[in-house]
Amino acid sequence: MNKDPTKARNGFFALFMGAALLGEVFGVLSMSLTKTASGVAFGEPLWLALRSFAGTAAYMAVIFFSGFFPIGQPLTFIVMLIRGMGQGAQLSQLYLSYGTEGLSTVVAVCIPFTVLTAAALSFACIEAAGLSNVYLRHTFTGNAVLGMKDTVKLYVQRFLLLLAVSVTASAIQFIFAKIYR
C-alpha cells in the first residue's frame, strides 16, 4: 500500500479545520437562539489582542500535552470543536452587540485572527496526533523507543513556531482593532 504523507496531512488539516468550523456553527446557532447580547465589546485593542492570544495559547497547551499520551488523538479533535464553539459564540455576541452597522469592524478585527489561529491550531493537532501515534505504537508493540529525543525536540520546535504564528495573529488583530476603533 503506497501512502502519501502530504495527502494524509492535508486530510488531517481539513478534518481539524472542519471541526473548528462545525464548532463555530454550533456556537453561532446556540448564541443566536438566545438573541441576547451580554454587553460584549471590543474594548481596548491591546487587551483584546492579549486576551485572544491567551485563549489560543491555552488551547495550544492542551493540544501540546495531548501529544505525549498514547490516546491523545481524540482530544485534539475535541479541542478544535470546543475552540470553534467559543469563537462562534463570540462572533455571534459581537454581531448581536454591534448589529449590521458594526459588521465590517467585527469581520476585519475577528476573522483574520480566527482563521490564522484555527490554521495554527490545526497544524498543532496534526503534530500532536502524530506524536501520540508514535507513543501508541510503542505502547502496544513493546519495542524499545529509539530516537524519541530528536522526535520530541522537533515537536517542541514546531509548537514554538506555531505559537509564533499565534503571536503574529494577535498582532494583526491589535493593528486592525486600532484601525477600526
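The structure under discussion appears in the preceding block.
Residue numbering note: each chain is counted from 1, following its sequence as written. Local features are withheld for residues below a pLDDT of 70 in this predicted model, meaning they are given only at 70 or higher, and side-chain atom pairs are given and counted only at 80 or more; totals for whole chains, interfaces and linings count all residues. The basis for every side-chain value is the complete set of heavy atoms in the structure, and neither hydrogens nor water enter the calculation.

What to know about the nonpolar core
For our purposes a nonpolar core is just a set of buried Ala, Val, Leu, Ile, Met, Phe, Trp, Tyr and Cys residues, chained together by side-chain atoms within 4.5 Å. We call a residue buried when its accessible area falls under 20% of the maximum for its residue type, exposed when it is over 50%, and partly exposed in between, using a 1.4 Å probe and counting protein chains only. Counting residues in each nonpolar core, the largest one holds 20 residues, and the members touching the most others are Met-60, Ile-63, Met-80, Ala-124, Tyr-155 and Phe-159. A helix here means a DSSP run of H or I that spans at least four residues, while a strand means a run of E at least two residues long, and both kinds are numbered starting from the N terminus. Secondary-structure elements contributing two or more residues to this core are helix 1 (5-34), helix 2 (45-66), helix 3 (73-98), helix 4 (103-141) and helix 5 (148-179). Of the residues forming this core, the biggest block, eight residues, is contributed by helix 4. Note on contacts: a residue pair qualifies if any of its non-hydrogen atoms lie within 4.5 Å across the two residues. In contact with Phe-159, not counting residues within four places along its chain, are Met-60, Ile-63, Phe-64, Ala-124, Glu-127 and Ala-128.

Let's talk about the packing of helix 2 against helix 4
In this analysis, axes come from line fits to C-alpha atoms, helices being fitted only over the stretch in contact, and the angle between any two N-to-C directions falls in the range 0 to 180 degrees. The N-to-C vectors of helix 2 and helix 4 enclose an angle of 15°; their axes lie 8 Å apart at closest approach. Put simply, helix 2 runs roughly parallel to helix 4. Handedness of the helix 2/helix 4 crossing: right-handed. Residues Leu-48, Ser-52, Phe-53, Thr-56, Tyr-59, Met-60, Ile-63 and Ser-66 of helix 2 lie in contact with helix 4, whose contacting residues are Val-109, Phe-113, Thr-117, Leu-121, Ala-124, Cys-125, Ala-128 and Ser-132. Each angle gets one of four labels, with under 35 degrees taken as roughly parallel, over 145 as roughly antiparallel, 65 to 115 as roughly perpendicular, and the rest as oblique. The hand of a helix crossing depends on one turn: near helix anticlockwise from the far one by less than a right angle means left-handed, and clockwise means right-handed.

Examining the side chain of Ser-132
Mapped onto the elements, Ser-132 comes out in helix 4. Classification of Ser-132 as buried rests on a relative accessible area of 0%. N or O atoms within 3.5 Å of each other form a polar contact, as long as, within protein, one can give a hydrogen and the other can take it, and as long as residues adjacent in sequence are counted only when both atoms are side-chain atoms. In terms of polar contacts, Ser-132 uses its side chain to reach the backbone amide nitrogen of Gly-72, at 3.1 Å. Residue contacts for Ser-132: discarding those within four places in its chain leaves Ser-66, Gly-67, Phe-69, Pro-70, Ile-71, Gly-72 and Gln-73.

Considerations on empty space enclosed by the protein
Lining residues are those with an atom within 4 Å of a point, where the points come from a 1 Å grid over the protein atoms alone and group into cavities, where a 1.4 Å probe fits but cannot get out, or pockets, open sets with protein on both sides within 12 Å along at least five of seven lines. Grid points are joined across faces, edges and corners, and a volume is the space filled by probe spheres set on the points. Applying the stated criterion across every chain yields a total of one cavity of 30 Å³ or more. In this model, the largest cavity occupies a volume close to 40 Å³. Among the elements of the structure, helix 2, helix 3 and helix 4 are those that each provide at least two residues to the lining of the largest cavity. Counting residues per element, the lining of the largest cavity draws most heavily on helix 4, at three residues. Basically, the charged four are Asp, Glu, Lys and Arg, the nonpolar ten are Ala, Val, Leu, Ile, Met, Phe, Trp, Tyr, Cys and Pro, and anything else, Gly included, counts as polar. The class makeup of the residues in the lining of the largest cavity is three nonpolar, five polar and no charged.

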